[in-house]
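Listed below, chain by chain, are the residues.
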Amino acid sequence: AVGPSSLLMPAVPGRVAGVEEIVVASPSGAGGVSPLILAAAHVANVDRVVQVGGAQAIAALAYGTESIPRVDKVFGPGNIFVVLAKRQVFGQVAIDQLPGPTETVVVADASADPRLTAADMLAQAEHDGMASAILITTSERLALHVQTELTIQVSQLERESIARESLAANGVIAVVESVEQAIELANLYAPEHLCLLLKNPWDAVPLVKHAGGIFVGEGSPEALGDYTAGPSHVMPTGGTARFFSPIHVGDFTKVISLAAANERALNRLGPATVALAKAEGLGAHAR
């Protein structure tokens, strides 16, 4: 699928952070790079678009070629080959994360609308046969109604076969005893997207420890995060929300330590410095 949103999601936070040069790599179809990609590149004011994708694009950006400049950071989603290539060049360049197949956990109680719950799940399932759409609910009645809605709605989708493959391979509906138990399971899974379709969704937000993004209430469908809610839909997957964050402005900044000691500071820190240096056997440091 052509994804102009996947260009905007790393490029816009980068521009906001003050990045001076942005290079976009995009595979070209029969007619070249998609006009949608070029339009998104114009909106984000990127400097260059190169017609290459896949692992070879990652290598070109990391090491440079005669026609493609070497960059400092390689950000953005891609297929399994792109992700594995990013892993291999990490250290040569910075990367954002290693995003895999998309995933959603929907936590719902008896107040949730089965139609909207199923719609949220299918919005993930249609991405990819490897995508995961999971419902954890306190209501057995809701679970049964959502099953029915999934059957009805999936047959109406343009990408029906992909959504069916995803639901069959990775779809789950689980009934639990309490919202607290549902959130506990969600924290263990650490999903990319966590949708709270609850009567009092804000009460559950403080319980969440691990998620790429939280979507609060039925008025906040996950699809908003994919396109317009921000700051970026490039979020950690595969449980990596335990230690990764979605792309944000801070990813495009770095810190330089600054040390400037005066004589008073040197007198205070000197003895401890000498002691540590001698303990490590580094005589030149101690001198």
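Heads up: the structure comes first, above all this text.
This structure is a prediction, so every number in the text was calculated from the model and none was measured.

Caption draft 1: Summary view of the packing of aromatic side chains. A complete count under the given rule lists two aromatic pairs for this structure. Here F75 and F252 contribute two aromatic rings whose centre-to-centre distance is 4.9 Å and whose plane-to-plane angle is 55°, an arrangement assigned as tilted. In this pair, F75 sits in the loop between β3 (73-74) and α4 (80-89) while F252 sits in the loop between α10 (222-227) and α11 (263-279), placing the two residues 177 residues apart along the sequence. Across this residue pair, the class does not change: F75 and F252 are buried.

Caption draft 2: A look at the pattern of salt bridges. Counted according to the given criterion, the structure contains four salt bridges. The shortest N-O distance in the salt bridge between R164 and E160 comes to 2.8 Å. A residue pair is termed a helical-turn pair when its members lie 3 or 4 positions apart in one helix, as R164 and E160 do in helix α7 (residues 160-170) at four residues. Accessibility expressed as a relative area gives 25% for E160, which makes it partly exposed.

Caption draft 3: Focus on the side chain of E222. Mapping E222 onto the fold places it in helix α10. Buried and unpaired, E222 has no salt bridge, with R159 as the nearest side chain of opposite charge at 12 Å. Only 3.1 Å separates the side chain of E222 from the side chain of H193, close enough to count as a polar contact. Beyond its immediate sequence surroundings of up to four residues, E222 is in contact with T104, D120, A123, Q124, H193, C195 and F215.

Caption draft 4: Up close: the packing of helix α3 (residues 54-63) against α4. The contact between α3 and α4 brings their axes to 7 Å, and the two run at 25°. By the criterion of interaxial angle, the relationship of α3 to α4 is roughly parallel. The two elements α3 and α4 meet at a crossing, and its hand is right-handed. For the pair α3 and α4, the contacting residues are G54, A55, I58, A62 and Y63 in the first and F81, V82, A85, K86 and V89 in the second.

Caption draft 5: Local environment of helix α8 (residues 179-189). Of the residues making up α8, those classed as buried are A182, I183, A186 and N187. What you see down the axis of α8 is that its buried residues fit within an arc of 140°, all on one side. Turned more than 90 degrees off the buried face of α8, the exposed positions are E180, E184 and L188. Among the structural elements, β5 (103-108), β6 (132-137), β8 (193-197) and α9 (201-204) are those in contact with the buried residues of α8. Directly after α8, the chain includes A190, whose backbone phi takes a positive value near 50°.

Caption draft 6: Representation of the nonpolar core. Counting residues in hydrophobic clusters, the biggest one holds 19 residues, and the most contacted among them are V106, A108, M121, L122, V146 and L150. When residues of this core are traced back to their parent elements, those giving at least two are β5, α5 (114-125), β6, α6 (140-154), α7 and β8. If we ignore the near neighbours within four places in the chain, the residues touching V146 are P114, T117, A118, M121, L135 and I173. By size, the runner-up hydrophobic cluster in this structure holds 15 residues, among which are V50, V71, V74 and V93.

What counts and what doesn't
- Residues numbered from 1 in each chain as written.
- Predicted model: local features only at pLDDT ≥ 70, side-chain atom pairs only at ≥ 80, totals over all residues.
- Heavy atoms only, no water.
- Phe/Tyr/Trp six-rings, centres within 6.5 Å; stacked < 30°, edge-to-face > 60°.
- Helix = DSSP H or I, 4+ residues; strand = E, 2+ residues; numbered from the N terminus.
- Buried < 20%, exposed > 50% of the residue type's maximum accessible area, 1.4 Å probe, protein only.
- Salt bridge = Lys/Arg side-chain N within 4 Å of Asp/Glu carboxyl O.
- Lys, Arg positive; Asp, Glu negative; His and termini not counted.
- Polar contact = N/O pair within 3.5 Å; in protein donor to acceptor, adjacent residues only side chain to side chain.
- Contact = heavy atoms within 4.5 Å.
- Axes fitted to C-alpha atoms, helices over the stretch in contact; angles between N-to-C directions.
- Parallel < 35°, antiparallel > 145°, perpendicular 65-115°, else oblique.
- Left-handed = near helix turned anticlockwise from the far one by under 90°.
- Arc of directions from axis to C-beta.
- Core = buried A, V, L, I, M, F, W, Y, C linked by side-chain atoms within 4.5 Å.

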